[in-house]
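# Examination of the molecular architecture
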Amino acid sequence: SPIASQRSLSVVEESVAEVTATQSFYHRGCALCRVEQYKRAIADFTHLIHQPPTSSAIPADWLITKLTEIYIHRGNAYRRLGEYAQALADLNQSIARSNSAQSYSCRGLLHLDTNEFAAAIADFTKALSLHPTFAQGYLWRGFARVHSGEYELAIEDLDRAIAAIPNCAEAFNHRGLAYFSLSELEQAKTDFSQAIKRDSE
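Residues numbered from 1 in each chain as written. Predicted model: local features only at pLDDT ≥ 70, side-chain atom pairs only at ≥ 80, totals over all residues. Heavy atoms only, no water.

### Some thoughts on the pattern of salt bridges
- For the structure shown, the criterion picks out 11 salt bridges.
- Two residues, Arg28 and Asp44, come together in a salt bridge whose shortest N-O distance is 2.7 Å. Residue Arg28 is found in helix α1 (residues 2-34), and its partner Asp44 is found in helix α2 (residues 38-50); the two are separated by 16 residues along the sequence.
- Note that Arg141 is salt-bridged to Asp157, the shortest N-O span being 2.7 Å. One end of the pair, Arg141, is in helix α7 (residues 135-148); the other, Asp157, is in helix α8 (residues 151-164), and 16 residues separate them in sequence. Asp157 carries the same exposure label as Arg141, and that label is buried. (Salt bridge = Lys/Arg side-chain N within 4 Å of Asp/Glu carboxyl O. Helix = DSSP H or I, 4+ residues; strand = E, 2+ residues; numbered from the N terminus. Buried < 20%, exposed > 50% of the residue type's maximum accessible area, 1.4 Å probe, protein only.)

### Some details on the environment of Tyr151
- Relative to the elements of secondary structure, Tyr151 occurs in helix α8.
- Sequence spacing of Tyr151 and Phe180 is 29 residues, and the spatial spacing of their C-alpha atoms is 9.4 Å.
- Tyr151 has contacts with Arg145, Val146, Ala178, Ser181 and Leu182, leaving out every residue within four places of it along the chain. (Contact = heavy atoms within 4.5 Å.)

### Digging into the packing of aromatic side chains
- Taken as a whole and assessed by the stated rule, the structure comprises 2 aromatic pairs.
- Arranged with centres 5.9 Å apart and planes meeting at 40°, the rings of Phe124 and Trp140 form a pair that is tilted. Linking Phe124 in helix α6 (residues 117-130) with Trp140 in helix α7, this pair joins segments that are 16 residues apart in sequence.
- Three or more aromatic residues link up through ring pairs in this structure, and these residues are Phe124, Phe134 and Trp140. (Phe/Tyr/Trp six-rings, centres within 6.5 Å; stacked < 30°, edge-to-face > 60°.)

See below:
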């Protein structure tokens, strides 16, 4: 009947509007993170976490994936603000929802920020087991290993990072620190020079 058709159309329109609103909050939160407006980003992600979409127009697997990403993004925003307890809670939630390399990598970065190097190494190692070609994982684990005094292992990680990201000044700088700590001064000097060449600041 015309009334039934009108009601069906109204339900579809509401579902489409709900999907659009959800996507808008998500994308705005991501954009705010890019311009370092972390508090506003957190507000958008919090809205989505507390008011998740329930429309049948949204596939369940999409919702699961996005909620995992929302926890990752909000956790990273908290980390940038130095609110480490909230960041850890969100990143733990993301790992509980999805055993992903991204979740472990982001939690590893949090552990780096708080000087928990053994925990950082463990998380980056887990991330690399899930995504073995993730060059940034080798870079960050290399950083953690330098700070942990695991200089030979750090050099191995940073070798792999440099092979994949040859213009990364930080990788050369940290490898230089590892060589310097091992008293391999010529190697250290070469790496520091390469770091300066790539980033004179």
